[in-house]
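Here is what each chain is made of, one letter per residue.
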Amino acid sequence: MSYFETIDGPIGSTHGSPPERLCWQVKDATLHGPRITARLAAPGLDWVRVDPDGTRRPDLRAQLRTDDGALVLLHYEVAVIRASERFEEALANGEPTDFDEQYMRMAPVFEVGASRYWWLTQSLFLGRGRMHGPRAIEYEIYRIA
């Protein structure tokens, strides 16, 4: 599957509080794969923890609505972004990166009530990410068999 999100912010920082967090709003998002098509149903939030060494650890919550009306909750807090010089440049300039130009990984968890999407709750998923453009992130998400 592919997950795209457009973010706004940061809304602010908790600098001085352990851990420091940068808070971003998820303004738009889509999830698309062979068995699902969904869009953001309401704004989401990403409370990115910033480690002393600069490693970012996203903690995201988003609500998606499928094209056939099912609500899918997406969250991940098992995630790591190790920025590279190219990543920082792309982030500042709104440029895309290739998947191998930074270390951006996540383990999304899905919650859904509609039985036709229970497969999302019964598997482990891992994703790798990249900058997709100005304040836009793309993840390729794989089901681990």
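The structure we're discussing is the one just above.
Residues numbered from 1 in each chain as written. Predicted model: local features only at pLDDT ≥ 70, side-chain atom pairs only at ≥ 80, totals over all residues. Heavy atoms only, no water.

Here's the deal with the pattern of salt bridges
Then comes step 1: Enumeration over the complete set of coordinates arrives at twelve salt bridges.
Then comes step 2: A salt bridge links Arg 86 to Glu 95, with the nearest nitrogen and oxygen atoms 2.8 Å apart.
Then comes step 3: Taking the relative accessible area as the measure of exposure, Arg 86 reaches 24% and is therefore partly exposed.
Then comes step 4: Among the salt bridges present, the one from Glu 101 reaches Arg 86, with a minimum N-O distance of 3.7 Å. Here Glu 101, found in the loop between α1 (85-93) and β8 (103-106), pairs with Arg 86, found in helix α1; they are 15 residues apart in sequence, far enough to count as distant.
Then comes step 5: Each of Arg 86, Glu 89, Glu 95 and Glu 101 takes part in a single network of salt bridges with overlapping partners. (Salt bridge = Lys/Arg side-chain N within 4 Å of Asp/Glu carboxyl O. Buried < 20%, exposed > 50% of the residue type's maximum accessible area, 1.4 Å probe, protein only. Helix = DSSP H or I, 4+ residues; strand = E, 2+ residues; numbered from the N terminus.)

Some remarks on unusual backbone geometry
Then comes step 1: Here the residue pair Gly 9 and Pro 10 is connected by a cis peptide bond, since its omega of 10° sits within 30 degrees of zero.
Then comes step 2: Locating Pro 10 in the fold gives a position in strand β1 (residues 2-13).
Then comes step 3: Of note, the amide linkage connecting Pro 18 to Pro 19 takes the cis form, showing an omega dihedral of -5°.
Then comes step 4: Summarising the element assignment, Pro 19 is placed in the loop between β1 and β2 (20-33).
Then comes step 5: For Arg 135, which is not glycine, the phi torsion reads 50° and is therefore positive.
Then comes step 6: Mapped onto the elements, Arg 135 comes out in the loop between β10 (124-133) and β11 (136-144).
Then comes step 7: Relative accessible area serves as the criterion here: at 39%, Arg 135 is assigned to the partly exposed category.

Considerations on the layout of surface pockets
Then comes step 1: The calculated volume of the largest pocket comes to roughly 230 Å³.
Then comes step 2: Contributing to the lining of the largest pocket are 15 residues, with Ile 7, Trp 24, Val 48, Arg 56 and Ile 81 lying nearest its centre.
Then comes step 3: Counting residues per element, the ones that place at least two in the lining of the largest pocket are β1, β2, β3 (36-50), α1 and β11.
Then comes step 4: Residue composition of the lining of the largest pocket, grouped by class: twelve nonpolar, no polar and three charged. (1 Å grid on protein atoms, 1.4 Å probe; cavity = no way out; pocket = protein on both sides within 12 Å on 5 of 7 lines; lining within 4 Å. Points joined across faces, edges and corners; volume = space filled by probe spheres on them. Nonpolar A, V, L, I, M, F, W, Y, C, P; charged D, E, K, R; others polar.)

Side note on the side chain of Gln 102
Then comes step 1: Inspection of the secondary structure assignment puts Gln 102 in the loop between α1 and β8.
Then comes step 2: At 2.7 Å, the side chain of Gln 102 forms a polar contact with the side chain of Thr 97.
Then comes step 3: Only 3.3 Å separates the side chain of Gln 102 from the backbone oxygen of Gly 129, close enough to count as a polar contact.
Then comes step 4: Ignoring any residue separated from it by four or fewer positions in sequence, one finds Gln 102 in contact with Arg 82, Ser 84, Phe 87, Thr 97, Gly 129, Arg 130 and Met 131. (Polar contact = N/O pair within 3.5 Å; in protein donor to acceptor, adjacent residues only side chain to side chain. Contact = heavy atoms within 4.5 Å.)

Quick notes on the nonpolar core
Then comes step 1: With 36 residues, the main nonpolar core has Met 1, Tyr 3, Leu 31 and Leu 120 as its most contacted residues.
Then comes step 2: If near-sequence neighbours (up to four positions away) are discounted, Met 1 is found in contact with Leu 31, His 32, Gly 33, Ile 36, Phe 110, Trp 119, Leu 120, Phe 125, Tyr 139, Glu 140 and Ile 141. (Core = buried A, V, L, I, M, F, W, Y, C linked by side-chain atoms within 4.5 Å.)

Points about a nonpolar patch on the surface
Then comes step 1: Taken together, the side chains of Leu 124, Leu 126, Tyr 142 and Ile 144 present a nonpolar region at the surface, about 370 Å² in accessible area.
Then comes step 2: Elements with a minimum of two residues in the nonpolar patch: β10 and β11.
Then comes step 3: Looking at where Ile 144 falls in the secondary structure, it is placed in strand β11. (Patch = residues over 30% accessible without salt bridge, like charges linked within 9 Å, V, L, I, M, F, W, Y side chains within 5 Å. Areas by Shrake-Rupley, 256 points an atom, 1.4 Å probe, with all protein chains shown as cover.)

These results come straight from atomic positions and should not be treated as a statement about function.
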